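In case you want the letters, here they are:
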Amino acid sequence: MSLIKGTHHVALKCGSAEEYAKTIAFYTETLGLETLRSWGEGDEAGIMLNTGNSILEIFAAGKTAGTTGSINHYSLATDDVDACVEAVRKAGYQITMEPTELVIPSTPGFPVRIAFCIGPVGEEIEFFTEK
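Because the structure is a prediction, the values reported are computed rather than measured.

Here is what the cut-offs are and how they apply
- Residues numbered from 1 in each chain as written.
- Predicted model: local features only at pLDDT ≥ 70, side-chain atom pairs only at ≥ 80, totals over all residues.
- Heavy atoms only, no water.
- Pairing = 2+ DSSP bridges.
- Helix = DSSP H or I, 4+ residues; strand = E, 2+ residues; numbered from the N terminus.
- Axes fitted to C-alpha atoms, helices over the stretch in contact; angles between N-to-C directions.
- Contact = heavy atoms within 4.5 Å.
- Phe/Tyr/Trp six-rings, centres within 6.5 Å; stacked < 30°, edge-to-face > 60°.
- Buried < 20%, exposed > 50% of the residue type's maximum accessible area, 1.4 Å probe, protein only.
- Salt bridge = Lys/Arg side-chain N within 4 Å of Asp/Glu carboxyl O.

## Brief notes about the sheet that holds strand S4 (residues 55-59)
Here comes step 1: Taken together, 4 strands build an open sheet; the order of strands is S1-S4-S3-S2 and the sheet is mixed. Looking at the sheet topology across the chains shown, the edges are occupied by strand S1 (9-13) and strand S2 (34-39). Direction aside, neighbouring strands of the sheet carry axes that sit 20° apart on average.
Here comes step 2: With 5 bridges connecting them, S1 and S4 associate as parallel partners. In the sheet register, Lys-13 faces S4, and the bridge partner there is Phe-59.
Here comes step 3: Sheet contacts for helix H1 (residues 17-30): S1, S2, strand S3 (46-50) and S4; angle to S4, the most-contacted strand, approximately 165°.

Written out as structure tokens, the structure reads:
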């Protein structure tokens, strides 16, 4: 029996107050995530956003951005990959992989529709629909 039940949250650190505000706007205004809770001010500020089945936590963090290692990417489940890409592109962010249907070569095969973009603090985001 696994001790792990699922992903609780993914955390991002921003490098400035401007980056923090831009990151919150991207996830709330562009992608429509709702705020669960927020706290603090300045470099001590943080926010948790509801992704549906987990949480995206964003820290203002000031000059500490990018000091704890790297995540290759994280994936957001969606029923409409194309609408996510359209919203991200309209907001001026880079799409690194256009919406694509493929079958992940596993046993059994895993049909999906995916796309990738780069978020406000350089995070790679995958939009993911199981077919």
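## Regarding the packing of aromatic side chains
Here comes step 1: Applying the stated criterion to the full structure yields 4 aromatic pairs.
Here comes step 2: Aromatic side chains Phe-110 and Phe-128 sit 5.9 Å apart centroid to centroid with 45° between the ring planes, which places their arrangement in the tilted category. Residue Phe-110 is found in strand S7 (residues 110-118), and its partner Phe-128 is found in strand S8 (residues 124-130); the two are separated by 18 residues along the sequence.
Here comes step 3: A relative accessible area of 17% means that Phe-128 is categorised as buried.
Here comes step 4: Pairwise contacts between aromatic rings join Phe-26, Tyr-27 and Tyr-93 into one cluster.

## Comments concerning the sheet that holds S8
Here comes step 1: Strand order across the open sheet formed by 4 strands is S5-S8-S7-S6, with mixed pairing between neighbours. Looking at strand neighbours, the two that pair on one side only are strand S5 (74-77) and strand S6 (95-104), the edges of this open sheet. Each strand axis lies, on average, 25° off the axis of its neighbour in the sheet, ignoring direction.
Here comes step 2: As paired elements, S5 and S8 share 4 bridges and run parallel to each other. Its bridge partner being in S8, Tyr-74 is matched across the sheet by Ile-125.
Here comes step 3: Taken strand by strand, helix H2 (residues 81-90) contacts S6, S7 and S8, and its axis lies near 170° from that of S6.

## Some thoughts on the pattern of salt bridges
Note that side chains of opposite charge can pair when their charged atoms are close.
Here comes step 1: Following the criterion strictly, the structure yields 4 salt bridges and no others.
Here comes step 2: The residue Glu-98 makes a salt bridge to Arg-89 at a minimum N-O spacing of 2.3 Å.
Here comes step 3: Arg-89 sits in the partly exposed class, given a relative accessible area of 41%.
Here comes step 4: For Glu-101, the salt bridge goes to Arg-113, with nearest N and O atoms at 3.5 Å. Here the residue Glu-101 occupies a position in strand S6, and Arg-113 occupies one in strand S7, the gap between them amounting to 12 residues.
Here comes step 5: With a relative accessible area of 18%, Arg-113 lands in the buried category.
Here comes step 6: Beyond isolated ion pairs, a larger network of salt bridges with shared partners links Asp-82, Glu-101, Arg-113 and Lys-131.

By themselves these figures say nothing about function.
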